[in-house]
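What follows is each chain in one-letter form.
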Amino acid sequence: MSKKKFYVVWNGRKKGIYTSWNVCKKQIDGFESAQYKSFADLDAAEIAFSKNYEDYKGQKTKKPTLSSAEKATYGSPNLESISVDAACSGNPGKMEYRGVLTHNKQEIFIKGPYKKGTNNIGEFLALVHGIALLKSKNKEDIPIYSDSKIAMSWVKKKQCKTNLHFDASNKDLLELIKRAESWLKNNSFKNPILKWETKAWGEIPADFGRK
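The shown structure was predicted, so the numbers you read here are calculated from the model rather than taken from an experiment.

## Side note on the sheet that holds strand E8 (residues 193-195)
Each strand in a sheet pairs with another by means of backbone hydrogen bonds, the pair being arranged parallel or else antiparallel. Taken together, five strands build an open sheet; the order of strands is E6-E5-E4-E7-E8 and the sheet is mixed. Only two strands of the sheet have a single neighbouring strand rather than two, namely strand E6 (107-117) and E8. Going across the sheet, the axis of each strand differs from the next one's by a mean of 25°, ignoring polarity. Sheet contacts for helix H4 (residues 119-136): strand E4 (82-90), strand E5 (93-101), E6, strand E7 (144-146) and E8; angle to E4, the most-contacted strand, approximately 155°.

## With respect to the sheet that holds strand E3 (residues 35-39)
Taken in spatial order, the three strands line up as E2-E1-E3 in an open sheet, and their pairing is antiparallel. Either end of the sheet is taken by a strand with one partner, and the two such strands are strand E2 (16-18) and E3. Strand after strand, the sheet turns through a mean of 20° between neighbouring axes, direction not considered. Relative to E3, strand E1 (residues 6-11) runs antiparallel, the two sharing five bridges. Counted as the bridge partner of Val9 is Tyr36 from E3.

## Brief notes about the packing of H4 against helix H5 (residues 149-157)
With their axes 8 Å apart at the nearest point, H4 and H5 run at an angle of 55° to one another. Considering their axes alone, H4 and H5 lie oblique with respect to each other. In the packing of H4 onto H5, the handedness of the crossing is right-handed. Together, Asn120, Ile121, Glu123, Phe124, Leu127, Val128 and Ile131 of H4 and Ile150, Ala151, Met152, Trp154 and Val155 of H5 make up the contact between the two elements. Taken together, the residues of the contact of H4 with H5 sort by class into ten nonpolar, one polar and one charged.

Rules and cut-offs
Residues numbered from 1 in each chain as written. Predicted model: local features only at pLDDT ≥ 70, side-chain atom pairs only at ≥ 80, totals over all residues. Heavy atoms only, no water. Pairing = 2+ DSSP bridges. Helix = DSSP H or I, 4+ residues; strand = E, 2+ residues; numbered from the N terminus. Axes fitted to C-alpha atoms, helices over the stretch in contact; angles between N-to-C directions. Contact = heavy atoms within 4.5 Å. Parallel < 35°, antiparallel > 145°, perpendicular 65-115°, else oblique. Left-handed = near helix turned anticlockwise from the far one by under 90°. Nonpolar A, V, L, I, M, F, W, Y, C, P; charged D, E, K, R; others polar.

Here you go:
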């Protein structure tokens, strides 16, 4: 089975990070001066998208295999936690998100699919959903894992900094984002928001498994 890849489009019909080559191809086929590249993990793709194509042009992006010693430097995840993740078919596309107990992958919430969403929006909403859920249960000591640095930064800034266009078809998603932003601005929380280290620990437990 082929490994999942993430495709960054810096210059194309629609810029963004895509999880499907076919969707990525639609953005670059016949597009003059298209700029794109594939990456083996989401972290690398998100970092690349925040930079310039010239920084990666001609570079090999094959994901290196970590040695046992390198993996050991990351330690082990805290299993007494919850993990969140999102899945999106296209960018934008049908998006859904969920949260699970890290130690056994038991699903504790799932939302969607929503029309014309993005993976980053889903990751953001999943984090806020998890934070609000734990606060409502007075469990603010429980950590939350996410594999999205972008979503984590949006939560920290209390704003979903998406460039997605909203219309009548996805206004429900816009309302969810506004509610999430409002919750962050009007509530405090103590739960540690931790980065799930995919390259050392494998896929995050909340992953939808659509490889």
